[in-house]
Amino acid sequence: MAAKSTLPLQRLVRLENFGHSIDRPAYLYRPTHASQINDLFTLAEKTGSQIALRGAGRSYGDAALAGGGIVLDFQRMNRILDWNPETGIITVEPGVTIEQLWRYIIEDGWWSPVMPGTMFPTIGGCLGANIHGKNNWRQGTLGEHVISFTALLPNGEEKVCTPTRNKDLFYGIISGMGLLGVFTSITLQMKKIYSGDLEVDAWAEPNLERMLRATDEHKEEDYIVGWVDTTVGGRALGRGQMHSARYLHEGEDPQPVRTMRPMHQDLPDTIMGLVPKSMVWRFLKLGINNPGAWAGNTAKYLMNQTIGNHKRYRQSLVAFTFLLDYVPNWEYSYGRQGLIQYQSFLPFETAHDTYQEILQRSQKRGLPSYLGVMKRHRPDQFLFSHAVDGFSLALDFKVRRREHFVQLMDDLNQIVLAGNGRFYFAKDSTLTPDVVQQYLGDGTVRKFKRLKASADPAHILQSDLYRRCFGGL
Ligand SMILES: Cc1cc2nc3c(=O)[nH]c(=O)nc-3n(C[C@H](O)[C@H](O)[C@H](O)COP(=O)(O)OP(=O)(O)OC[C@H]3O[C@@H](n4cnc5c(N)ncnc54)[C@H](O)[C@@H]3O)c2cc1C
């Protein structure tokens with residue numbers, strides 16, 4: 001405790017998770033150059049402090065928080081270091097955001113092969129978690145498109161890693177949640193596109209079984225995602241709307257130069273040309289309760305089932321990919337205690353029964369999720385892989401009645417484990433060491449400890465997620 005008093009008080013701030021359900025004090029440092037990072041490792045050692053790494057802080061839980069410790073925020077290390085529009089190979093600093101990336105490359109006819117559902121995260125943060133998109137079955141995770149990266153380890157070494165060189169660190173630092181080393185530059189392969197638009201198909205499915213079947217049957221499309229109505233029970237449990245999308249082939253878009261301009265991609269500032277989008281979360285707040293969520297989900301489902309069924313349309317890449325960014329600050333509509341997301345990954349065989357139990361259990365407890373997103377996944381070889389050959393269902397919950405809520409999450413964790421499921425640290429705020437040990441398995445936990453002991457022998461890299469999930473392991 002005494003050691004921490006040597007960190008300058010003027011650096012002390014309160015930092016939050018994306019869902020505004022957790023806030024923690026931390027000494028904040030925002031380096032501009034990789035050369036400053038070693039000094040910060042030394043500072044941490046001298047003061048007996050720990051360091052958590054932070055990109056844009058868009059993880060839903062405590063992955064980028066360090067209660068009482070140092071937080072290194074990389075948003076100022078945001079330079080594009082090299083771009084080759086012929087090959088689509090780009091080298092960036094870790095603080096470059098997904099938005100910066102697409103704005104930079106799209107006019108040359110390129111797009112990132114894997115994108116999260118929002119454009120605000122950084123590339124370093126996305127690789128720390130090893131994100132997936134609505135095309136995980138087709139394209140894998142973002143880490144699968146990394147050609148090489150340079151990382152600084154707390155032991156003072158600088159390592160260049162590729163899938164074959166320093167392989168364990170390559171597969172460990174990507175997905176390693178900032179616990180093994182710091183990305184300082186990253187080289188990625190982008191995907192060639194011939195239009196800034198996608199061809200989208202939208203249709204309704206009447207229950208969970210049909211949603212899962214449609215997600216599987218369309219897994220070979222460029223994108224497939226299901227929006228699940230999480231508030232309705234009985235025979236309609238798990239009903240929802242599917243969106244599949246495909247890239248346009250060369251020659252299909254009569255005006256590719258126009259559609260690949262950032263101006264074509266920009267999301268509108270107002271809803272229906274009237275309401276400024278910055279105000280919308282305040283209206284949404286009125287509906288973020290059980291009856292409001294039920295009414296909203298029901299209206300959406302009925303519209304999709306009638307006028308919107310099997311509607312095909314062209315939509316810009318940005319509008320399709322970053323649908324959640326349409327309403328700025330929507331997360332504030334979940335109120336004072338914020339929201340958490342609960343995303344579980346289930347193998348093909350157990351997905352239906354497990355998701356049925358999860359949805360029923362949360363509805364019975366009076367704590368239903370208000371938004372559900374379903375995706376199809378394939379396994380990958382990264383250290384903290386979340387993916388399985390199966391599905392994921394991401395559920396957004398409003399935090400309230402905290403003790404009941406914690407009890408529900410504990411129950412859901414056991415239900416997922418019973419279905420041989422996995423979890424995702426980027427979304428997590430409820431896992432405990434015993435659950436982590438079970439889903440990762442002894443081999444992975446041992447391998448992580450071995451890598452940590454060599455890369456970070458003084459255990460400097462410690463986020464709140466690390467302490468919560470690995471404490472005592
Ligand atoms: C609305 C919304 C939609 C989302 N949709 C998706 C989705 O579709 N798919 C998906 O997979 N995820 C999704 N996410 C989750 C999000 O993409 C991840 O949490 C991502 O990691 C956030 O990036 P960030 O820059 O905010 O990183 P942070 O949240 O700040 O950090 C994430 C992790 O990366 C580590 N890290 C940060 N910088 C570095 C670095 N330089 N070197 C090493 N480690 C580092 C941190 O320590 C932390 O463990 C979504 C999040 C939101 C809010």
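In this text the structure is predicted, and so the values were computed from the model without any measurement.

Draft legend 1. Inspection of the packing of helix α13 (residues 402–418) against helix α14 (residues 433–440) at higher detail. Closest axis-to-axis distance for the α13/α14 pair is 11 Å, and the angle between their directions is 15 degrees. Relative to α14, the element α13 lies roughly parallel. Handedness of the crossing formed by α13 with α14: left-handed. Residues Asn 413, Gln 414 and Leu 417 of α13 form the contact with α14, whose participating residues are Val 435, Gln 438 and Tyr 439. By residue class, the composition of the contact of α13 with α14 is three nonpolar, three polar and no charged.

Draft legend 2. Structural view of the site of the ligand. Lining the immediate environment of the ligand, one finds 36 residues, of which Leu 53, Arg 58, Ser 59, Thr 122 and Tyr 424 sit closest. One of the side-chain N or O atoms of Lys 375 is found 3.2 Å from an oxygen atom in the ligand. Starting from 970 Å² of accessible surface for the ligand in isolation, the protein chains cover 98%. Every element with two or more residues in the shell around the ligand is listed here: β3 (51–54), α3 (123–129) and β10 (182–189). Looking at the shell around the ligand, the element that brings in the most residues is α3, giving five residues. Grouping the constituent residues of the shell around the ligand by class yields 20 nonpolar, 12 polar and four charged.

Draft legend 3. A look at the packing of aromatic side chains. Tallied over the entire structure, the rule returns 28 aromatic pairs. Aromatic side chains Tyr 466 and Phe 470 sit 5.8 Å apart centroid to centroid with 25 degrees between the ring planes, which places their arrangement in the stacked category. Remark: Phe 470 and Tyr 466 occur in helix α16 (residues 464–470); sequence separation between them is four residues, near one turn of the helix. Here the aromatic residues Tyr 342, Phe 384, Phe 423, Phe 425, Tyr 439, Phe 448, Tyr 466 and Phe 470 are joined through ring pairs into a cluster of three or more. The lysine or arginine in question, Lys 311, covers the ring of Tyr 313, its NZ or CZ lying 5.7 Å from the ring centre.

What counts as what
- Residues numbered from 1 in each chain as written.
- Predicted model: local features only at pLDDT ≥ 70, side-chain atom pairs only at ≥ 80, totals over all residues.
- Heavy atoms only, no water.
- Axes fitted to C-alpha atoms, helices over the stretch in contact; angles between N-to-C directions.
- Helix = DSSP H or I, 4+ residues; strand = E, 2+ residues; numbered from the N terminus.
- Parallel < 35°, antiparallel > 145°, perpendicular 65-115°, else oblique.
- Left-handed = near helix turned anticlockwise from the far one by under 90°.
- Contact = heavy atoms within 4.5 Å.
- Nonpolar A, V, L, I, M, F, W, Y, C, P; charged D, E, K, R; others polar.
- Near = heavy atom within 4 Å.
- Polar contact = N/O pair within 3.5 Å; in protein donor to acceptor, adjacent residues only side chain to side chain.
- Areas by Shrake-Rupley, 256 points an atom, 1.4 Å probe, with all protein chains shown as cover.
- Phe/Tyr/Trp six-rings, centres within 6.5 Å; stacked < 30°, edge-to-face > 60°.
- Lys NZ or Arg CZ within 6 Å of the ring centre and 35° of its normal.

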